Amino acid sequence: MNIITGNDLKTGDVIWWTGLDWSRFVKDATDVGDQGEAILHREEAARRVNAPYIIAAEQTDDGPRPGHIKDRVRALGPTVRPDLTLKPADPDAGEWVI
Amino acid sequence: MYQYDQYDQQMVDTRVEEFRDQVKRRLAGDLTEDQFKPLRLMNGLYLQLHAYMLRVAIPYGTLNGKQMRMLGHIARKYDRDYGHFTTRQNIQYNWIKLEEAPDLLADLASVEMHAIQTSGNCIRNISSDQFAGATADEIADPRPWAELLRQWSSFHPEFSYLPRKFKFAVIASDTDRAAMRLHDIGIQLVHNEAGELGAKFFVGGGMGRTPMIAPEIRGFVPADELISYAEACLRVYNRYGRRDNKYKARIKILVHELGKEEYTRQVEEEFAHMKELGLNPPVEELARITEFFADPAYNKQASDGLDLSDPDFALWVDQNTAAHKQSGYAIATISLKPRGGIPGDASSAQIDLMADLAEQYSFDELRVTHSQNIVLPYVKKSDLYALWQKLDEAGLAPANLDLITDSIACPGLDYCSLANARSIPLAQKISERFADLGRQRELGELKLKISGCINACGHHHAGHIGILGVDRKGTENHQLLLGGSGAEDASLAKITGPGFTEDGVIDAIETVTDLYLEQREDGERFIDTYRRVGMEKFKEAIYG
Ligand code: HEM
Ligand code: SF4
């Protein structure tokens, strides 16, 4: 599947395109098929997202898993600071990244 | 310490308001990201893995308590309660909001700080010896010269669009604590035979994908011509440096391709021309700057006596303090490398505490070191015990300066968008594996430096032991390097062979340190044994 990610223009937060809006959680990301480029341009013009790009991801039971480790780190947060990730209560969340 | 005059302050304040307006226009859609990006980068604001990242300049690594406290305030108010001190004596914040960046910069400006020229192809923060002005082994305080270079290079119109970024370091002793020869221009203050002060110039050093040690191009430039000589070095680079290829654009490539002799000849020609034009800064300006760096009001009667009956304190004194030029005083290094910690990270509470301690015990001054630690440069020996107790309570008293757990690590894949592999977890695991202080001290001075990619922000080329993160078909892999040094015995490390997994590289380091213990002769540090014994033996031990 193809999903879109970028950073929130104002806050810098990592965000994922859900089909309607942007979410901070990669599990909400939607498959954009071959519509990625069009959505990118529209959303960039709408000034909510900064530097958006399309990535390949794998659909899993927990939702989309980005193909590249870099985007998995982005999806979770720094593996060395579990308290600052999106899953602060789950000390093993970093395993998903690797 | 230097204090802004009205011009310095005005320049910085004007820039903050300019940026405020630019951010407003970006958020309103009047500027696209393509238009805005160069503007935010000019103000140190990057976009990294998780958010905007701000790099704040700490000129030659020197700051006072009020400035340090402001860094803590920024961590608390605009970031997630911590900052990361870097190998270029700066601090980085990882979670900055664009909409808040102008207020943040205004707060910084209120204590004479900014993030200007911390990005882009300009002259970056001037780095220096963290012991400047305090150490027993210097011939002069290098900071007035670093400050002169700062003023000359700030907003210098001719050097705002160089072929590539440009880094200076200035030192004034034979011991190099600033990795001087791994800078684009390294300057060492020296005396000539007549006893006059001047500068030795080293040009064309650097790390990155093509590491080089800067060759000496002139043994003595009279002190009052130092700026003109630097300007001549830059002019030749600006004219002939390669703008067609980012990877060949640094001055080191130019010096290497032209050859040191030809590059020097051109610099000398330019220098002669500049001397005719009389472009040296006025002598009064240097005198004005130098006054700011006068010695603090030492107590000349302060005693050299120290009660070392507390063994933990004694270890810290032995490992983390250095000889001072003033009797009765010591230079104390606060290690930001606790067991299992993140090298260079400090919480706002720790930053505040260090600010308090500087005010109380170090004439209101602190330094940031290129190995990501903090220095209190002027501590009375009779205050060391009280200082150590307060540091210890806050987890700031690891007695590991220059030992294997005092590693340098770049942000790596946990924060950096250019990374191939994570650096910090490696530093943490090595710190755990070698946690026993007795074992660390047995190994002695051992500089471990870790980068997450070829850009070498973590100085892996200059590590006695270096680690470089590479991407191996989408998984993290780590190459091991041996034999580098960023000190006065500068050398570039060599890759041992095929890369390793995270645990694999830590095992390999243990193999290497074991071999050192087995092979070393009296008084040899790790690097000395490596140089004597050679790579082959280490390779054999690692790869069998
Ligand atoms: C996280 C964002 C960062 C980015 C995007 C970044 C980018 C780069 C790049 C592209 C280079 C190579 C320059 C070249 O070879 O021409 C480089 C070099 C370097 N960076 Fe970084 N860096 C980052 C963070 C840091 C940090 C945190 C430090 C300090 C710990 C640092 C210190 C250095 C140093 C010392 C060098 C090598 C010196 C040189 O030859 O320029 N950088 N960086
Ligand atoms: S060495 Fe590479 S991974 Fe590390 S901070 Fe520099 S650019 Fe990022």
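Residues numbered from 1 in each chain as written. Chains lettered and ligands numbered in written order. Predicted model: local features only at pLDDT ≥ 70, side-chain atom pairs only at ≥ 80, totals over all residues. Heavy atoms only, no water.

Looking now at the domain arrangement of chain B. Residue and element names in this part refer to chain B. Domain assignment breaks chain B into domain 1 (6–109), domain 2 (142–290), domain 3 (311–393) and domain 4 (408–543). One C-alpha centre belongs to domain 3, the other to domain 4, and the line joining them spans 26 Å. Taken residue by residue, the interface counts 12 residues in domain 3 and 12 residues in domain 4. Counting the contacts that link domain 3 with domain 4 gives 2 salt bridges. In this structure, the salt-bridge partner of D318 is R441, at a minimum N-O distance of 2.8 Å. At the boundary of domain 3 and domain 4, one finds 6 residue pairs in polar contact (both at pLDDT 80 or more). Tallied by class, residues from the side of domain 3 that touches domain 4 come to 4 nonpolar, 6 polar and 2 charged. (Domains from an automatic or database assignment. Contact = heavy atoms within 4.5 Å. Salt bridge = Lys/Arg side-chain N within 4 Å of Asp/Glu carboxyl O. Polar contact = N/O pair within 3.5 Å; in protein donor to acceptor, adjacent residues only side chain to side chain. Nonpolar A, V, L, I, M, F, W, Y, C, P; charged D, E, K, R; others polar.)

All names here are of chain B. If you trace the backbone, Y247 turns up in the loop between α6 (226–240) and α7 (251–258). For Y247, a relative accessible area of 47% puts it in the partly exposed group. Counting along the chain gives 25 residues from Y247 to A272, while the straight-line C-alpha distance between them is 31 Å. (Helix = DSSP H or I, 4+ residues; strand = E, 2+ residues; numbered from the N terminus. Buried < 20%, exposed > 50% of the residue type's maximum accessible area, 1.4 Å probe, protein only.)

A few words on the site of ligand 1. Residue and element names in this part refer to chain B. In the vicinity of ligand 1 there are 22 residues, among which T87, K167, M207, R250 and C457 approach most closely. One of the side-chain N or O atoms of K167 is found 2.8 Å from an oxygen atom in ligand 1. In this structure, M207 approaches ligand 1 through a main-chain N or O atom, which is 2.9 Å from an oxygen atom. (Near = heavy atom within 4 Å.)

Residues and elements named next belong to chain B. Taken as a whole and judged by the stated rule, the model has 55 salt bridges over all chains. Here R177 makes a salt bridge to D129, at a shortest N to O gap of 2.8 Å. Of this pair, R177 sits in the loop between β7 (168–171) and β8 (185–191) while D129 sits in the loop between β6 (127–128) and α5 (143–153), and the two are 48 residues apart along the sequence. For R177, a relative accessible area of 14% corresponds to the buried category.

Once that is clear, we can look at the nonpolar core. Residue and element names in this part refer to chain B. Counting 104 residues, the largest nonpolar core has L71, F85, F168, F201 and W316 as its most contacted members. The element contributing the most residues to this core is α6, with 9 residues. Setting aside its immediate chain neighbours within four residues, F85 contacts I58, M68, L71, N90, I91, L336, G344, A346, I351, V368, Q372 and I374. Listed in part, the 27 residues of the second largest apolar core include I404, F526, Y530 and F538. (Core = buried A, V, L, I, M, F, W, Y, C linked by side-chain atoms within 4.5 Å.)

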